[in-house]
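Read off the chains here:
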2 protein chains.
Amino acid sequence: MLGIVLRPEIEELIQRRQFSELREALLELLPADIAELLADVPREDQAIIFRLLPTGVAADVFERMDARRQRRLLRGLGQEQVAAILNEMTPDDRTALLEDLPRPVAKQLLGVLSPEQYQIAATLLSYPRDSVGRRMTPEFAVARPGWTAVQTLEHVRKVARKPETVDVLFVTDESGRLRGDVRLRDVVLAEPSAPIAGLLNRQVTPLKTRDHQEIAVRLFQRSGRPALPVVDQQGALVGIVTADDLVDIVREESTEDIVKVGGTAMLGGPYLQVGLWHMVRRRAGWLCALFLGEMLTATAMAFYSEAIARAVVLALFIPLIISSGGNSGSQATTLIIRAMALQQLRLKDWFRVARRELLAGLLLGSTLGLIAFVRIALWPTRVHVYGEHYLIVAFTVGTSLVGVVMFGTLVGSLLPFILRKLGFDPAVASAPFVATLVDVTGLVIYFTVASVILHGILL
Amino acid sequence: MLGIVLRPEIEELIQRRQFSELREALLELLPADIAELLADVPREDQAIIFRLLPTGVAADVFERMDARRQRRLLRGLGQEQVAAILNEMTPDDRTALLEDLPRPVAKQLLGVLSPEQYQIAATLLSYPRDSVGRRMTPEFAVARPGWTAVQTLEHVRKVARKPETVDVLFVTDESGRLRGDVRLRDVVLAEPSAPIAGLLNRQVTPLKTRDHQEIAVRLFQRSGRPALPVVDQQGALVGIVTADDLVDIVREESTEDIVKVGGTAMLGGPYLQVGLWHMVRRRAGWLCALFLGEMLTATAMAFYSEAIARAVVLALFIPLIISSGGNSGSQATTLIIRAMALQQLRLKDWFRVARRELLAGLLLGSTLGLIAFVRIALWPTRVHVYGEHYLIVAFTVGTSLVGVVMFGTLVGSLLPFILRKLGFDPAVASAPFVATLVDVTGLVIYFTVASVILHGILL
């Protein structure tokens, strides 16, 4: 790629303060490359380089920097240039910047916007977080049903510098209500005098400003169109969401699901750039909650301390038993959560899932139980380590595993359904969460099975 | 959406066998809606409905069905219609269908293709799985640098029915080498006599056929263009990847990461449609591997059975201690894996990460240790449950937790680096995997701390 070849050259120009050559060289690069280059340059040079760029390019470069670098750079620039960049940024990227800033800073930045851009920014920020309204841009190209193809192309020529895309034109009536869309290429290919009404694709399902962004992704996949229209509560077209926003949304939502499965909260920034305190606080919440839940195991164990005192051999398998329940539960819950996210499962499927997972749990539990039985029964030092009743101990552990894995699988698969029914995000059912939930029950199952099988022998 | 309103009406038409009305009604719908409708219709009716559709629409509908339904439907159709649909499908979607079929079936289907389409399909299938070559379509619109805008538009008019997109035209020289791209809208907006060479965007980084699909996603995000060119080893343009493919790729890669974090393999199909045996086999592998690893805990515990026999109170906290190590490790590993996937961390950052995580582990471990100390020291029945030395027991558990959490955090954060260094996918470091790895060490830390602190008191 260009950036790699040019980098040493550009670095030299920066050091030598040859600004006009530097400007020339930078304008050869993609905005994304300039943004990457800026990331590696000392902070005091960043503002210098940035000031060399024409406002339009500067705004493009700025949009491609990550949030933390954006904020840092803003502090290094004069108010005038900040104003120029913010006014020039595409509204959806600007929303993304402003929504992550502390309120007073965001307010201050809103203050430098032109009245027109202020209006736009304030409106977009008024929509809920993760809503389509936050992600849309209010700059799009419209056409009217009565226009001819040639009239439409003329109109596109006039407005083409502003909107994020003119690959799709949105057709509205006089009152601003959406009637359909038409692809630029169809207008190009049509007879010059053909009316737009005849080229119209009416099968357009508009998004609503307050829809969750995930709905935009689904609709995009269903419709296969490069830009989706967004309407307000009155049905008037107020913005569009484009394909590149959707890739960002999918990334973000997936990250959210992944870190939840791992039992933590989103850090809200790149790993190395988030403050240590901030990160620890984000993680401590879940960790403490899980810890408090896990404390129930200490309470449960207290009930069995007498049994352990009589048969210490039972204690040896406690970690094995409870981790098996946790692991099988994590598997089940992960698969179910993902299937839900991909729309493969609905609430009403819970019974089919439960039946299926009970069976899967039986098979998986029997497998693990058999392995454990064989391992204990054939261990070279079995009599020394597990005592003379090692066969019965092996049987106890094996049987408990079947029960624990079945229970873990069942709980892990149903938990996402319960959470969803109660109005929570099913992805909260992380692997550690399920493990914690299953641990206490695993102990109860183990010691109950043991007290039945070993009654009169060891207990 | 349309589908919901029309569904009862359409179902009636199917039942009454009013095929011409049915055909009319279906053509009002989006292909995605027809695909959804077909999913709910009895199998024998699916083929009937499908035969009503014009081949072009049928291919569109077929592309939007999931893999399992596609295969089932193919079996219900005559060879002629199968051939028509396969020849009409966009090449990239056809590749996705064929790559998941058993080899003999795929071969048979390849046999019904026209020589031209056979050539295309066979070429695409020759690229490695998850490579850009598998995802690209070889149908795109080209222009030559010497053409004028008006010549180019004429060319587009001629070819526009075939390529997946003409929103971007790719400019090649006589030998087929890529020179750059130009957006259709820029051609539309240009003077009719302007040469394409002047409108050319030369800052195009082409993908290579053997690049991993994830590279396409990154390049898409960097460049912000709606279609990316793909070149072969000689630099000749051989295909394009479009934005809608990219959303699919992001989804697929995220699913892979999510199920790995949850400690299982991809099911290779929607949850309820995958066979039970198939699913159990997919899950059993990891579960058994984890189980075998976890068996080390039983071995480790055997070393401490004497200590447990003397101080049963120690056994009570085993689940609490090991789960805390596992949970903190899962958190760390999840955050690191995701940061790696999002390109926020490189191999050389391992030391910074280790330092950071050790500190985070100290803070998190101290928090949990303090909670445990307070809980044990202030428990109403403390003397009865934990014995007269309950304060020293509380201190032992609290101190062990600091060590276990620090160790868990460190292992969890470094494991993805080690896996990557060794050439494995870091996402293999699932929450259950880390937990298993940390469990044995957790026990060793706990009993070592106990033997030091409780020496001469309980042990």
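Residues numbered from 1 in each chain as written. Chains lettered and ligands numbered in written order. Predicted model: local features only at pLDDT ≥ 70, side-chain atom pairs only at ≥ 80, totals over all residues.

Here's the deal with the overall build of chain A
The cut-off we apply is this: Secondary structure elements are defined from DSSP: runs of H or I of at least 4 residues count as helices, runs of E of at least 2 residues count as strands, and each element is numbered from the N terminus. Radius of gyration: over C-alpha atoms. The globule rule applied is 2.2 Å multiplied by the number of residues raised to the 0.38 power. Exposure classes come from backbone-placed C-beta atoms, where a residue is buried if 20 or more other C-beta atoms lie within 10 Å of its own, exposed if 12 or fewer do, and partly exposed in between. Each residue gets a C-beta atom placed from its backbone, and two residues are in contact if those atoms lie within 7 Å.
Tallying secondary structure elements over chain A gives 24 helices and 6 strands in all. By the compact-globule yardstick of 23 Å for 459 residues, chain A is too spread out, its C-alpha radius of gyration being 31 Å. In terms of overall dimensions, chain A has a C-alpha envelope of 95 × 60 × 40 Å along the principal axes. In chain A, which comprises 459 residues, the share counted as buried stands at 46%. Looking at chain A alone, contacts between residues at least 24 apart form 71% of all its contacts between residues at least 6 apart.

Regarding the domain arrangement of chain A
Counted only if it meets this: Domains are outlined according to an automatic or database domain assignment.
Looking at the assigned domains, one finds that chain A contains domain 1 (2-125), domain 2 (142-248) and domain 3 (271-453). Spacing between the C-alpha centres of domain 1 of chain A and domain 2 of chain A amounts to 30 Å.

Thoughts on the interface of chain B and chain A
Going by this rule: For this scheme, ten residues count as nonpolar: Ala, Val, Leu, Ile, Met, Phe, Trp, Tyr, Cys and Pro. Four count as charged, namely Asp, Glu, Lys and Arg, and the remainder, Gly too, count as polar.
Listed as interface residues are 99 residues of chain B and, on the opposing side, 99 residues of chain A. Ranked by residues supplied to the side of chain B that touches chain A, first place goes to helix H19 (residues 318-341) of chain B with 16 residues. A breakdown of the residues in the side of chain B that touches chain A according to their chemical character gives 61 nonpolar, 23 polar and 15 charged.

Structural notes on helix H20 (residues 350-378) of chain B
Here is the rule: Expected span, for any helix, means 1.5 Å times one less than how many residues it has.
Along its 29 residues, H20(B) runs 41 Å from first to last C-alpha, staying within 8% of the 42 Å computed at 1.5 Å per residue. Among all positions of H20(B), only B:Val353, B:Glu357, B:Ala360, B:Gly361, B:Leu363, B:Leu364, B:Gly365, B:Leu368, B:Gly369, B:Ala372 and B:Ile376 are buried.

Digging into the pairing of strand S2 (residues 168-172) of chain A
All names here are of chain A. The test is simple: Only when DSSP finds a minimum of two bridges between them are two strands counted as paired.
Taken across its 5 residues, S2 has 5 buried, putting it largely inside the fold. Residues Val168, Phe170 and Thr172 of S2 are buried on one face, and the alternating residues Leu169 and Val171, pointing to the opposite face, are buried as well. As defined by bridge partners, S2 adjoins strand S3 (residues 178-183) across 5 bridges and the pair is classed as antiparallel. Looking at the pairing, Phe170 lines up with Asp181 of S3. In textbook terms, the turn of a hairpin is the stretch between consecutive antiparallel strands, and for S2 and S3 this stretch comprises 5 residues, one of which, Gly176, has a positive phi near 85°.

Looking at the relation of the copies chain B and chain A
To be explicit about the condition: Our superposition of the copies is a least-squares fit, built on the C-alpha atoms of residues whose pLDDT is at least 70 in both.
Superposing chain B onto chain A requires a rotation of 180° together with a translation of 0.1 Å along the rotation axis, leaving an RMSD of 0.2 Å. The symmetry that links the two subunits is that of a two-fold axis. Here 100% of the contact residues of chain B are again contact residues in chain A; the copies associate through an equivalent surface.

Looking at H19(B)
Residue and element names in this part refer to chain B. Compared with the 34 Å implied by 1.5 Å per residue over 24 residues, the 35 Å span of H19 between its first and last C-alpha is a close match. Among the 24 residues in H19, 24 count as buried, and that is most of the element. Gln343, located one to two residues past H19, shows a positive phi value of around 65°.

A word on the packing of helix H15 (residues 213-223) of chain B against helix H16 (residues 243-261) of chain B
Residue and element names in this part refer to chain B. Stated precisely, the cut-off is as follows: Here, axes are lines fitted to C-alpha atoms. For helices the fit covers the stretch in contact, and angles between N-to-C directions go from 0 to 180 degrees. These descriptions rest on fixed angle ranges, namely under 35 degrees for roughly parallel, over 145 for roughly antiparallel, 65 to 115 for roughly perpendicular, and the rest for oblique. It is the rotation of the near helix from the far one that decides the hand of a crossing: anticlockwise by less than a right angle makes it left-handed, clockwise makes it right-handed.
Look at H15 against H16: their axes get within 10 Å of each other, and the N-to-C directions meet at 120°. Relative to H16, the element H15 lies oblique. When you trace H15 past H16, the crossing you get is left-handed. Residues Gln213, Glu214, Ala216, Val217 and Phe220 of H15 lie in contact with H16, whose contacting residues are Ala243, Leu246, Ile249, Val250 and Glu253.

With respect to the sheet that holds strand S3 (residues 178-183) of chain B
Across the sheet, 3 strands lie side by side as S1-S2-S3 (chain B); this open sheet has mixed pairing. Both edges of this open sheet fall to strand S1 (142-143) and S3 of chain B, since each of them pairs with a single strand only.

Notes on the nonpolar core
For clarity, the threshold we go by: Here, a nonpolar core denotes buried Ala, Val, Leu, Ile, Met, Phe, Trp, Tyr and Cys residues that are linked to one another through C-beta atoms within 7 Å.
Grouped together as the largest cluster of nonpolar side chains are 137 residues, with contacts concentrated most on A:Ala315, A:Ile336, A:Val434, B:Ala315, B:Ile336 and B:Val434. Residues in contact with B:Val434, not counting those within four places in the same chain, are B:Gly326, B:Gly329, B:Ser330, B:Thr333, B:Val411, B:Gly412, B:Leu415 and B:Ala429. Ranked by size, the runner-up nonpolar core spans 77 residues in total, among them A:Leu178, A:Ala190, B:Phe220 and B:Leu228.

Comments concerning the sheet that holds strand S6 (residues 237-242) of chain B
Residue and element names in this part refer to chain B. If you trace the 3 strands from one edge of the open sheet to the other, you get S4-S5-S6, paired in mixed fashion. Looking along the sheet, the strands with just one partner apiece sit at the ends: strand S4 (207-208) and S6. Inspection of the sheet shows S4 paired to strand S5 (residues 227-231) by 2 bridges, in the parallel sense. Looking at the pairing, Leu207 lines up with Val230 of S5.

Details of the environment of B:Arg43
All names here are of chain B. Among the secondary structure elements, Arg43 is positioned in helix H4 (residues 43-52). Overall, the presence of 12 C-beta atoms within 10 Å leaves Arg43 in the exposed class. In contact with Arg43, not counting residues within four places along its chain, are Arg72 and Gly76.

Some words on the pairing of strand S2 (residues 168-172) of chain B
With 2 bridges joining them, S1(B) and S2(B) adopt parallel strand pairing. Within S2(B), the residue paired with B:Val142 across the bridge is B:Phe170.

Quick look at the environment of B:Thr255
Residue and element names in this part refer to chain B. Residue placement: Thr255 occurs in helix H16. Exposure remark for Thr255: the 18 C-beta atoms within 10 Å place this residue in the partly exposed category. The spacing of Thr255 and Ser430 is 175 residues in sequence and 13 Å in space, taken between C-alpha atoms.

Notes on unusual backbone geometry
Residues and elements named next belong to chain A. Here Arg17, not a glycine, exhibits a phi torsion of approximately 55°, which is positive. With respect to the element layout, Arg17 can be found in the loop between helix H1 (2-15) and helix H2 (19-27). Accessibility expressed as a C-beta count within 10 Å gives 9 for Arg17, which makes it exposed. The backbone of Asp130 shows a phi angle near 65°, a positive value even though the residue is not glycine. Within the element layout of this structure, Asp130 appears in the loop between helix H10 (115-125) and helix H11 (132-135).

As for the packing of helix H21 (residues 350-378) of chain A against helix H23 (residues 390-421) of chain A
Residues and elements named next belong to chain A. Axis separation between H21 and H23 bottoms out at 7 Å; the angle between their running directions is 155°. Taken together, the axes of H21 and H23 lie roughly antiparallel to each other. In terms of crossing hand, the pair formed by H21 and H23 is right-handed. By residue class, the composition of the contact of H21 with H23 is 26 nonpolar, 8 polar and 1 charged.

Comments concerning the environment of A:Phe417
Turning to its location among the elements, A:Phe417 is positioned in helix H23. Residues in contact with A:Phe417, not counting those within four places in the same chain, are A:Leu347 and A:Trp350.

Examining the confidence of the model for chain A
Interpreting fine coordinate detail is not advised for predicted regions of low pLDDT. Residues and elements named next belong to chain A. Under the convention used in this document: You can read pLDDT as the predictor saying how much it trusts each residue, on a scale of 0 to 100.
Overall, the prediction assigns chain A a mean pLDDT of 86, with 98% of residues at 70 or greater. Low pLDDT, under 50, characterises residues 1-5; the stretch is placed with 7 contacts to residues that sit more than four places away or in other chains. If you check the scores for this complex, the pTM reads 0.72 and the ipTM reads 0.71.

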